[in-house]
Amino acid sequence: MSTDNTLSSILQSVHRKDYEPPPVISKLGWRYHHIGIPTNTPRPNEKHLEAFALHVSGFSTSAFGIEWMRYSPDSPLHPAIKALPHVAFEVDDLDAALEAQEVIYPPASPSDGVRAAMILVDGAPVELIWFRRNDSSGA
């Protein structure tokens, strides 16, 4: 059995028991961040992200990390991002996580100290996020 803990190697050999966490968590150390769910229904407290022609809501108030995403017809994002729910993980090394993957949204910085990208895995969009941590903040 290979000890190569890369996303590519894990995707080629996934076979887990019902009680085991996904290998991206147990072997790569990725951390669940949120699930993004497309909707056509306006929701309370939406925030408009003009660059993506997108309205988002729910993330900051959801104990489960549920983020509702309402796309305008002219959104420039990949069709899979707009049509399918996605799961997002925080990663320690975004560039390494993207190696040999089908990137459908390249790494970008949506806000200061954040880099994010989207990949397509078995037809499903997956968001990978990296945060610059300020360890001197005392938080």
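Refer to the structure above for everything that follows.
Quantities reported herein were computed from a predicted structural model and do not represent experimental measurements. (Residues numbered from 1 in each chain as written. Predicted model: local features only at pLDDT ≥ 70, side-chain atom pairs only at ≥ 80, totals over all residues. Heavy atoms only, no water.)

**Regarding the layout of surface pockets**
Here's step 1: Its boundaries defined by the atoms lining it, the largest pocket holds a volume of some 910 Å³.
Here's step 2: What lines the largest pocket is a set of 35 residues, and nearest its centre among them are L49, V56, E67, P110 and E127.
Here's step 3: The residue inventory of the lining of the largest pocket, partitioned by class, reads 21 nonpolar, 9 polar and 5 charged. (1 Å grid on protein atoms, 1.4 Å probe; cavity = no way out; pocket = protein on both sides within 12 Å on 5 of 7 lines; lining within 4 Å. Points joined across faces, edges and corners; volume = space filled by probe spheres on them. Nonpolar A, V, L, I, M, F, W, Y, C, P; charged D, E, K, R; others polar.)

**Let's talk about the packing of aromatic side chains**
Here's step 1: Inspection of the entire model under this criterion finds 2 aromatic pairs.
Here's step 2: When the ring of W30 is compared with that of F89, the centres are 5.7 Å apart and the planes differ by 50 degrees; the resulting orientation is tilted. In this pair, W30 sits in the loop between α2 (23-26) and β1 (31-38) while F89 sits in strand β5 (residues 86-90), placing the two residues 59 residues apart along the sequence. Of the two residues, W30 and F89, neither departs from the other in class, the shared state being buried. (Phe/Tyr/Trp six-rings, centres within 6.5 Å; stacked < 30°, edge-to-face > 60°. Helix = DSSP H or I, 4+ residues; strand = E, 2+ residues; numbered from the N terminus. Buried < 20%, exposed > 50% of the residue type's maximum accessible area, 1.4 Å probe, protein only.)

**Overview of the nonpolar core**
Here's step 1: W30, I119 and L128 are the most contacted members of the largest nonpolar core, which totals 13 residues.
Here's step 2: Residue assignment for this core shows that the elements contributing at least two residues are α4 (94-98), β7 (114-121) and β8 (124-131).
Here's step 3: Beyond its immediate chain neighbours, meaning those up to four positions away, L128 contacts W30, F89, V91, L94, A97, L98, R115, A116, A117 and I119.
Here's step 4: Counting 10 residues, the second largest nonpolar core, distinct from the first, contains M69, L77, I81 and L120. (Core = buried A, V, L, I, M, F, W, Y, C linked by side-chain atoms within 4.5 Å. Contact = heavy atoms within 4.5 Å.)

**Quick word on the pattern of salt bridges**
Here's step 1: Tallied over the entire structure, the rule returns 6 salt bridges.
Here's step 2: Its salt-bridge partner being E90, residue R31 comes within 3.5 Å of it at the nearest N-O pair. Here E90 lies in strand β5 and R31 lies in strand β1, a separation of 59 residues in the sequence.
Here's step 3: Among the ionic pairs, R132 bridges to D112, the shortest N-O distance being 3.3 Å. Of the two residues, R132 is situated in the segment after β8 and D112 in the loop between β6 (102-108) and β7; the sequence distance between them amounts to 20 residues. Residue R132 shares its accessibility class with D112, and that shared class is exposed.
Here's step 4: One continuous salt-bridge network, built from bridges that share partners, spans R31, E90, D92 and R133. (Salt bridge = Lys/Arg side-chain N within 4 Å of Asp/Glu carboxyl O.)

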